Amino acid sequence: MPLDETSGVYFEIHGSGPPVMLGMPWFASHGEILSAEAEPAFKAFVGVLAERYAVLAMDYPSIGRSRDLAPEKLTADRVCADLLAVADAAGFERFAFVGYSWSAATALQLAGRTDRLSALAIGGWPPLDGPYEAIWAAARDRIGRVEPGAMRVLRSADQYRQWDTFYRSVVGHWDEAAVVGALRCPRMVYFGANGDLIEAGHSVPIASAIRRTRRTLEQQGWEVVEIEDRGHEVGVEVDIVAPLIRGFLDRVLSGTAAPVARGRAELA
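Residues numbered from 1 in each chain as written. Predicted model: local features only at pLDDT ≥ 70, side-chain atom pairs only at ≥ 80, totals over all residues. Heavy atoms only, no water.

## Describing the packing of helix α5 (residues 132-142) against helix α6 (residues 161-170)
The contact between α5 and α6 brings their axes to 9 Å, and the two run at 150°. Relative to α6, α5 is oriented roughly antiparallel. Relative to α6, the crossing made by α5 is left-handed. Here α5 contributes Tyr132, Ile135, Trp136, Ala139 and Arg140 to the contact with α6, which in turn contributes Trp163, Asp164, Tyr167, Arg168 and Val170. For the contact of α5 with α6, the residue count by class is 7 nonpolar, no polar and 3 charged. (Axes fitted to C-alpha atoms, helices over the stretch in contact; angles between N-to-C directions. Helix = DSSP H or I, 4+ residues; strand = E, 2+ residues; numbered from the N terminus. Parallel < 35°, antiparallel > 145°, perpendicular 65-115°, else oblique. Left-handed = near helix turned anticlockwise from the far one by under 90°. Contact = heavy atoms within 4.5 Å. Nonpolar A, V, L, I, M, F, W, Y, C, P; charged D, E, K, R; others polar.)

## Examining the packing of aromatic side chains
Within the structure shown, the criterion is met by 9 aromatic pairs. Each ring, one from Tyr132 and one from Trp174, has its centre 5.7 Å from the other, and the planes form 80°; the classification is edge-to-face. Remark: Trp174 occurs in the loop between α6 and α7 (176-182) and Tyr132 occurs in helix α5; sequence separation between them is 42 residues. Owing to a relative accessible area of 5%, Tyr132 belongs among the buried residues under this scheme. Among the aromatic residues, those joined into a cluster by ring pairs are Tyr60, Trp102, Trp163, Phe166 and Tyr167. (Phe/Tyr/Trp six-rings, centres within 6.5 Å; stacked < 30°, edge-to-face > 60°. Buried < 20%, exposed > 50% of the residue type's maximum accessible area, 1.4 Å probe, protein only.)

## A look at unusual backbone geometry
Keep in mind that most residues, glycine aside, have a negative phi and that most peptide bonds are trans. Cis geometry marks the peptide bond from Met24 to Pro25; its omega dihedral reads 15°. The amide bond that connects Tyr60 to the next residue, Pro61, takes the cis arrangement and shows omega of 0°. If you trace the backbone, Pro61 turns up in the loop between β4 (54-58) and α3 (76-90). For Ser101, which is not glycine, the phi torsion reads 60° and is therefore positive. With respect to the helices, strands and loops of the structure, Ser101 is situated in the loop between β5 (95-100) and α4 (102-111).

## Re the pattern of salt bridges
Within the structure shown, the criterion is met by 19 salt bridges. Asp250 serves as the salt-bridge partner of Arg52, at 3.4 Å between the closest nitrogen and oxygen. Of this pair, Arg52 sits in the loop between α2 (39-50) and β4 while Asp250 sits in helix α9 (residues 238-252), placing them 198 residues apart in sequence. Residue classification places Arg52 among the partly exposed residues on the basis of a relative accessible area of 33%. (Salt bridge = Lys/Arg side-chain N within 4 Å of Asp/Glu carboxyl O.)

## Some points on the sheet that holds β4
Ordered in space as β1-β2-β4-β3-β5-β6-β7-β10, the 8 strands form an open sheet in which the pairing is mixed. Unpaired on one side and paired on the other, β1 (3-4) and β10 (222-227) mark the two borders of the sheet. As judged from the 3 bridges shared by strand β3 (residues 19-22) and β4, these two strands associate in the parallel manner. Following the sheet pairing, Met21 is matched in β4 by Leu56. Against the sheet, α3 makes contact with β1, β2 (9-14), β3, β4 and β5, and its axis sits at roughly 50° relative to β2, the strand it touches most. (Pairing = 2+ DSSP bridges.)

## Points about α2
Counted at 1.5 Å a residue, the expected span for α2 with its 12 residues is 16 Å, and the 16 Å between its end C-alpha atoms agrees. What α2 keeps buried is the set Phe42, Phe45, Val46, Leu49 and Ala50. Seen along its axis, α2 keeps its buried residues to an arc of 130°; they face one direction. Along α2, exposed side chains directed more than 90 degrees from the buried face belong to Pro40 and Lys43. Those residues of α2 that are buried are in contact with β2, β3, α1 (30-33), β4, β5 and α9. (Expected span 1.5 Å × (residues − 1). Arc of directions from axis to C-beta.)

## Quick look at the nonpolar core
Formed by 66 residues in total, the largest nonpolar core has its most connected members in Met58, Phe97, Leu120 and Trp222. In terms of residues, this core owes the most to one element, α3, which gives 9 residues. Setting aside its immediate chain neighbours within four residues, Phe97 contacts Met21, Gly23, Met58, Leu83, Ser103, Thr106, Ala107, Leu110, Leu117, Ala119, Leu120 and Ala121. Formed by 30 residues, the second largest nonpolar core is a distinct cluster that contains Val20, Ile227, Val238 and Ile245. (Core = buried A, V, L, I, M, F, W, Y, C linked by side-chain atoms within 4.5 Å.)

## Comments concerning the pairing of β2
Within β2, 6 of the 6 residues are buried, which leaves it mostly tucked inside the rest of the structure. What you see with β2 is no split at all: Val9, Phe11 and Ile13 on one side and Tyr10, Glu12 and His14 on the other are buried throughout. In this sheet, β2 lies alongside β1 in antiparallel orientation, the contact comprising 2 bridges. Residue pairing for β2: Leu3 is matched across the bridge by Tyr10. Joining the antiparallel neighbours β1 and β2 is a turn of 4 residues, in which Gly8 adopts a positive phi near 75°.

Below, the structure is given as structure tokens:
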């Protein structure tokens, strides 16, 4: 079973080629975690990428077939260490990271801590002016009264405290402008034009923040894609995001040499 013993994270690899790691909302045990009805979307999304890439999906954090991680341990440092441990276990020396919403925020943390990223394709979270304080406040306010939708993924209501831990470790401890300005790997951010959120009564400006900082991001080398007539839910609209991400990866990784061998993490 492809379980990284260092992090306790279960993962699977689909396809072969240059390495690509997926974050939430795509999971290795996607149908088991969400529902059988969600499995076709996962297969379709991964299938588009796996035609050319070795696509690693994982059950993270503390979901599906992965081991438990205490909520108070899910700091940004721990998340990044876990992601790199999974990459090591999969034989990914350098890899592209594809993330959306929370996993987009974690991707930015990871990009600031390692030079192993070959590309960054994130959506639903602003690389600059990220609303960390607002989403942290919303996470705190939901502890003890977790919404039913969140329980589709979580193992227990107490696990929701992990989001408080994560954002607490970021707010006031991360120089966003310096880190994002120093990134050099190819990078893209995409978002639904109507993707601002209200979470637990807190305004979480996602689309408007990306729109406001777009000029700076493009000057720094980001590709910025605004998807009209869509909200935050666009991240799981396979017909839209799969070709968008695939096209970006094809453009920026076209010169990548030496496809990753399919090894012990290969799916039958």
